[in-house]
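Structural features, examined
Chain by chain, the residues run as shown.
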Amino acid sequence: MTTLQSATDPLPYLTEEYRADPYPFYAALRAQQPVHRHPDGFWAITSYGAIRQLLYDRTLGVAELDYGPAGPLHDSMLGADAPKHTRVRRTHSRWFTPKAVKTWTDLTRAEVDSRLDAIAAGPGSFDAVHDLAFPVTFATISHLLGVPDADGAKVRQATYDIGKSLGLAPTEAEAAGTAAAFDWFVGHIERLIADKRRKPGDGLLDAFLGFEDEGTMSHEEVVASTTLLFAVGHLDVTYLIAHGIELMARRPDVFDAYRDDPQLREAVVNETLRLDTPEQFVVRTTTEPIVLDGHAIAAGETLVLFIGAGNRDPEVFDEPDTFRLDRDVELSKHLAFGGGIHGCAGQVLARAEAHVVFTALAERFTALELAGPVVHDHSDFIRSITALPIAVR
Ligand code: HEM
């Protein structure tokens, strides 16, 4: 895609202003043209109703999307259409049931407790990303895959480098960074596979290798699926947890409500996801002509569904820019996990991990306070906090 980014561009997604806070841009565009043909050649969809309709539209696809150097992700479920999508997704399903998730989050809880012991015994302040959210989510996904909890910093860096190529218009430098990150990831996973072949275990990577041996998955699908899980296993959950802790530090009433009223806990997680959606959009292509909001859209067009915009649509959410604890949990219809056949496969796990961390904090401490500047590294696609200093009382 080429990039115009003119002064009149309603979504100037390369600018710092947009990346810091895209929501006013979404609001202005949604009010005027919720289905908008962007000059860079994609359709920008910003209304809740249209996004939801498109998420469940089985005529849309992902197999033809150009992921650039992240192309091998087409061998994971994320980049595949049916029937390949159905086959690959089925190989994962029993690992993400509520019963399985309970097993993984017992490990998360042990990891969180030992980290909070160290924090309580230390100076009483910590970095909520580096000392808590990232290491516990990385330990959890490593345990689920059945691989050592090692090389976390490299996996984290490679994940963000790959994410940059999945933005709206990656620069040449970002594309080069993704290619290098992919090389590293593939080498890393091949080493883990070689270790597994010598010494099998009982993790999801072992299950994938069993599927490869019986011919249900190709080797490329095993590597791409493991890459995807390594990435999504920490990326958005780290953001959900860090952003939740930041909100609880800024709004003591939210922290108190989480501790004192178990009925409100799901609402806290839903509002955190709705208010600042970790992945701002999902992308589809049309495989046949469609008509949307009066626009005739040909086959082969790219649709960018801004779920971050849908989550602030005033037609669905009163006072959409406000974190409110009194939204009906049954109506927690936010779009942060996408929907339809590509709806997040790890959402039960993601919610459970967030609850483990928030519960452990609420049980131990009476207050969380910001102890320094919060540092962000948001892209147009992925929201990210890189430093979150917190003091506990
Ligand atoms: C707060 C945390 C998370 C958020 C906000 C999130 C969000 C999303 C979204 C929006 C999609 C849809 C992508 C699309 O339609 O193109 C997705 C897909 C997916 N997510 Fe998550 N995710 C989270 C955590 C996780 C975790 C912890 C895992 C697993 C360890 C996971 C595994 C997946 C997989 C495998 C897919 C692809 C599903 C498919 O294509 O069928 N996610 N996620």
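Attention in this report is confined to the structure presented alongside it. (Residues numbered from 1 in each chain as written. Predicted model: local features only at pLDDT ≥ 70, side-chain atom pairs only at ≥ 80, totals over all residues. Heavy atoms only, no water.)

On to the site of the ligand. Near the ligand lie 29 residues; those nearest to it are His 85, Arg 89, Arg 284, His 342 and Cys 344. Within the side chain of Arg 89, one N or O atom sits 2.8 Å away from an oxygen atom of the ligand. Between the ligand and Arg 284 there is a distance of 2.7 Å, counted from an oxygen atom to a side-chain nitrogen or oxygen. Among the secondary structure elements, those contributing two or more residues to the shell around the ligand are α4 (84-92), α10 (219-232), α11 (235-250), β5 (282-286) and α15 (347-364). (Near = heavy atom within 4 Å. Polar contact = N/O pair within 3.5 Å; in protein donor to acceptor, adjacent residues only side chain to side chain. Helix = DSSP H or I, 4+ residues; strand = E, 2+ residues; numbered from the N terminus.)

This part takes up the environment of Ala 44. You can see Ala 44 is positioned in strand β2 (residues 43-45). Along the sequence, Ala 44 and Ala 169 sit 125 residues apart, while their C-alpha atoms lie 14 Å from each other.

Our next topic: the nonpolar core. By size, the foremost hydrophobic cluster in this structure holds 60 residues, and its most contacted members are Leu 11, Leu 73, Leu 144, Leu 204, Phe 230 and Phe 306. Those elements that provide at least two residues to this core are α2 (23-32), α5 (98-121), α6 (128-145), α7 (152-165), α8 (172-198), α9 (204-214), α10 and α15. Sequence-distant contacts of Leu 144, that is, excluding residues within four places in its chain, are made with Trp 95, Phe 96, Trp 104, Gly 203, Leu 204 and Leu 349. Listed in part, the 45 residues of the second largest apolar core include Met 248, Phe 255, Leu 273 and Leu 388. (Core = buried A, V, L, I, M, F, W, Y, C linked by side-chain atoms within 4.5 Å. Buried < 20%, exposed > 50% of the residue type's maximum accessible area, 1.4 Å probe, protein only. Contact = heavy atoms within 4.5 Å.)

Below, the discussion takes up the packing of aromatic side chains. One pass over the structure, following the stated rule, counts 14 aromatic pairs. With a centroid separation of 5.5 Å and an interplanar angle of 20°, the aromatic rings of Phe 134 and Phe 138 are classed as stacked. Placement of both Phe 134 and Phe 138 in helix α6 is noted, with a separation of 4 residues, approximately one turn of the helix. For the pair formed by Phe 134 and Phe 138, the shared burial category is buried. Three or more aromatic residues link up through ring pairs in this structure, and these residues are Tyr 18, Tyr 23, Phe 25, Tyr 26, Phe 281, Phe 306 and Phe 381. (Phe/Tyr/Trp six-rings, centres within 6.5 Å; stacked < 30°, edge-to-face > 60°.)

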